[in-house]
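# Examination of the molecular architecture
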Amino acid sequence: MKRSFGSKLKVASVVGARPQFIKAAPVSRALRRVAHEVLIHTGQHYDHGLSAVFFEELNIPPPDYHLGVGSGSHGWQTGQMLIRLEETLLIERPDWVLVYGDTNSTLAGALAAVKLHIPVAHVEAGLRSFNRRMPEEPNRVLTDHVSDLLFCPTQTAVDNLHREGICRGVHLVGDVMYDAVLDHLALAERQSDILTRLGLEPGGYALATVHRPANTDDPTRLQGILTALTQMEWPVIFPVHPRTRQRMAEFGLDLGRAGQNPRLIDPVGYLDMLILEKHARLILTDSGGVQKEAFFLAVPCVTLREETEWVETVEAGWNRLVSCDPASILQAARQFRPSGTPPPLFGDGRAAERIASLLAG
Ligand code: UD1
Ligand code: UDP
């Protein structure tokens, strides 16, 4: 099915949350060579440091539509997105709707499209944690089951889809976050002065991020993680996600006094983040994207979760899963020293190009 905009295919891309802007950057660049892209921002993330900074730094074209949905419960947020996305798609009538990852913006985009009989393409298809209590898991499963084109970053993702009976439209393209790192690392090295600003030596600190509800919304787990970071023997730089900042305040977990570990900072832009990651001696995280970037940059990663979608990083020996009690985290942080270099398991940096050409048909 090809409707025309001039002679070009029309693709509506739906983004809304921090990792989706990063994934969209290389894809949008490749897509605009072969198609007319309409970029729709749901407004799921709206702070400058979680949204606009990525458009500026990664040179993403400004959204054609900003739906301004904002924060709320899962049902309210997804429902508002669905209503506003449907209105937008009825105006634009694209040939494809392209969604990314596993957030509420992903599910809303896929659902709005499929109900309007617009084909859906899913970037980062086939990822599974097999934990349905994780809000992203139903978003992934449901999105994959209504998608016509499924762009998988890894063979594991392809296998997961096959096990669920999804075989048509499945393509192993590589990981667009790897493309993004390759595209921006040299720029980050030229432009970021984050190590100087924070007074850090390369290899002399650990980097931590925590934002998964399973960790932030459970006071015992959050306290366990923070206690471990407090007791780490190296400085720990901790860019704090707003969800985590809120829960710390609610639970009375008062950290971040001057000179103490961990060192709490606001979320940083992508270029600063790449530099912080690259020069960390260790990364502690529950983020999907940060686990992968640690692997791409050959930095040992301790994942503050019981399972991961990125099993290859664990199997290759560069990622270790820990349960969130202070002793386990500290033991893993002290003992985990992978050797060699991580194998090239996430493609060749041309995933975005493949996605664009598959969409163009
Ligand atoms: C969302 C995604 C998660 C992704 C993460 C990336 C879902 C279900 N979750 O989680 O998959 O890993 O984004 O960071 O889609 N807030 C602000 N400013 C903002 C955005 C949010 O202060 O710009 C606060 C609000 O209080 C909000 C809370 O953070 O309630 C959580 O935001 P939300 O987008 O609902 O979920 P995330 O935890 O960010
Ligand atoms: N990131 C960033 N600044 C930060 C924290 C993360 O630029 O302060 C980037 C990180 O480099 C990665 C992406 O955000 O590219 C990961 O997003 P997040 O951890 O919010 O979500 P997830 O990947 O877990 O869905």
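Heads up: these notes are all about the structure in this document. (Residues numbered from 1 in each chain as written. Chains lettered and ligands numbered in written order. Predicted model: local features only at pLDDT ≥ 70, side-chain atom pairs only at ≥ 80, totals over all residues. Heavy atoms only, no water.)

Taken together, 19 residues lie around ligand 2, and R18, V268, S287, G289 and E293 are the ones closest in. G289 has a polar backbone atom sitting 2.8 Å from an oxygen atom of ligand 2. Within the side chain of E293, an N or O atom sits 2.5 Å from an oxygen atom of ligand 2. Contributions of two or more residues to the shell around ligand 2 are made by α1 (18-31), α12 (270-279) and α13 (288-296). With 4 residues, the top contributor of residues to the shell around ligand 2 is α13. Considered class by class, the residues forming the shell around ligand 2 number 10 nonpolar, 5 polar and 4 charged. (Near = heavy atom within 4 Å. Polar contact = N/O pair within 3.5 Å; in protein donor to acceptor, adjacent residues only side chain to side chain. Helix = DSSP H or I, 4+ residues; strand = E, 2+ residues; numbered from the N terminus. Nonpolar A, V, L, I, M, F, W, Y, C, P; charged D, E, K, R; others polar.)

Another point: the pattern of salt bridges. Counted according to the given criterion, the structure contains 25 salt bridges. R243 is paired through a salt bridge with D217; the nearest N and O atoms lie 3.3 Å apart. Placement of the pair is R243 in helix α11 (residues 242-250) and D217 in the loop between α9 (213-216) and α10 (219-231), with a sequence separation of 26 residues. Exposure remark for D217: the relative accessible area of 33% places this residue in the partly exposed category. R247 is the salt-bridge partner of D217, the closest N and O atoms lying 2.9 Å from each other. (Salt bridge = Lys/Arg side-chain N within 4 Å of Asp/Glu carboxyl O. Buried < 20%, exposed > 50% of the residue type's maximum accessible area, 1.4 Å probe, protein only.)

Once that is clear, we can look at the sheet that holds strand β10 (residues 263-265). Hydrogen bonds along the backbone pair up the strands of a sheet, which may run parallel or antiparallel. Read from one edge of the open sheet, 6 strands run β10-β9-β8-β11-β12-β13, paired in parallel fashion. Looking at strand neighbours, the two that pair on one side only are β10 and β13 (319-321), the edges of this open sheet. The average undirected angle you get between the axes of adjacent strands in this sheet is 20°. Relative to strand β11 (residues 282-285), strand β8 (residues 206-209) runs parallel, the two sharing 4 bridges. If you follow A206 over to β11, its bridge partner there is L282. (Pairing = 2+ DSSP bridges. Axes fitted to C-alpha atoms, helices over the stretch in contact; angles between N-to-C directions.)

Locating E309 in the fold gives a position in the loop between β12 (301-303) and α14 (311-315). Each residue touching E309, except ones within four places of it in the same chain, is listed here: L127, R128, S129, M134 and R140. (Contact = heavy atoms within 4.5 Å.)

Enumeration over the complete set of coordinates arrives at 5 aromatic pairs. With 5.4 Å between their ring centres and 75° between their planes, F296 and F346 make a pair best called edge-to-face. Of the two residues, F296 sits in helix α13 while F346 sits in the loop between α15 (326-335) and α16 (351-360), which places them 50 residues apart along the sequence. The buried category is assigned to F346, whose relative accessible area is 2%. (Phe/Tyr/Trp six-rings, centres within 6.5 Å; stacked < 30°, edge-to-face > 60°.)

Moving on: the packing of α1 against helix α7 (residues 176-191). Running from amino to carboxyl end, α1 crosses α7 at an angle of 80°, the nearest separation of the two axes being 8 Å. It follows from the interaxial angle that α1 and α7 lie roughly perpendicular. Residues I22, K23, P26, V27 and R29 of α1 lie in contact with α7, whose contacting residues are V176, M177, D179, A180, D183 and H184. Classifying every residue of the contact of α1 with α7 gives 6 nonpolar, 1 polar and 4 charged. (Parallel < 35°, antiparallel > 145°, perpendicular 65-115°, else oblique.)

Near ligand 1 there are 19 residues, and of these H45, Y46, E136, R243 and Q246 occur at the shortest range. The contact in question runs from an oxygen atom of ligand 1 to an N or O atom on the side chain of H241, over 3.1 Å. At 2.6 Å, a side-chain N or O of R243 approaches an oxygen atom of ligand 1. Its free accessible area being 750 Å², ligand 1 has 89% of it covered by the protein chains. Elements with a contribution of two residues or more to the shell around ligand 1: α3 (74-92) and α11. (Areas by Shrake-Rupley, 256 points an atom, 1.4 Å probe, with all protein chains shown as cover.)

Moving on, we get to the pairing of strand β1 (residues 9-15). With 7 of 7 residues buried, β1 lies mostly within the body of the structure. Burial along β1 is two-sided: the face carrying L9, V11, S13 and V15 and the face carrying K10, A12 and V14 are both buried. In this structure, β1 lies alongside strand β2 (residues 35-41), joined through 7 bridges in parallel fashion. By the bridge assignment for β2, V11 is matched with E37. Running through α1, the crossover from β1 to the neighbouring parallel element β2 is right-handed. As defined by bridge partners, β1 adjoins strand β4 (residues 96-100) across 4 bridges and the pair is classed as parallel. (Right-handed = clockwise from strand over helix to strand, strands pointing away.)

Moving on to the pairing of β2. The element β2 is extensively covered by neighbouring structure, given that 6 of its 7 residues are classed as buried. Bridge count for β2 against strand β3 (residues 65-66) is 2 bridges, and the pairing is parallel. By the bridge assignment, H41 is partnered in β3 with H66. Handedness of the β2-helix α2 (residues 52-57)-β3 crossover: right-handed.

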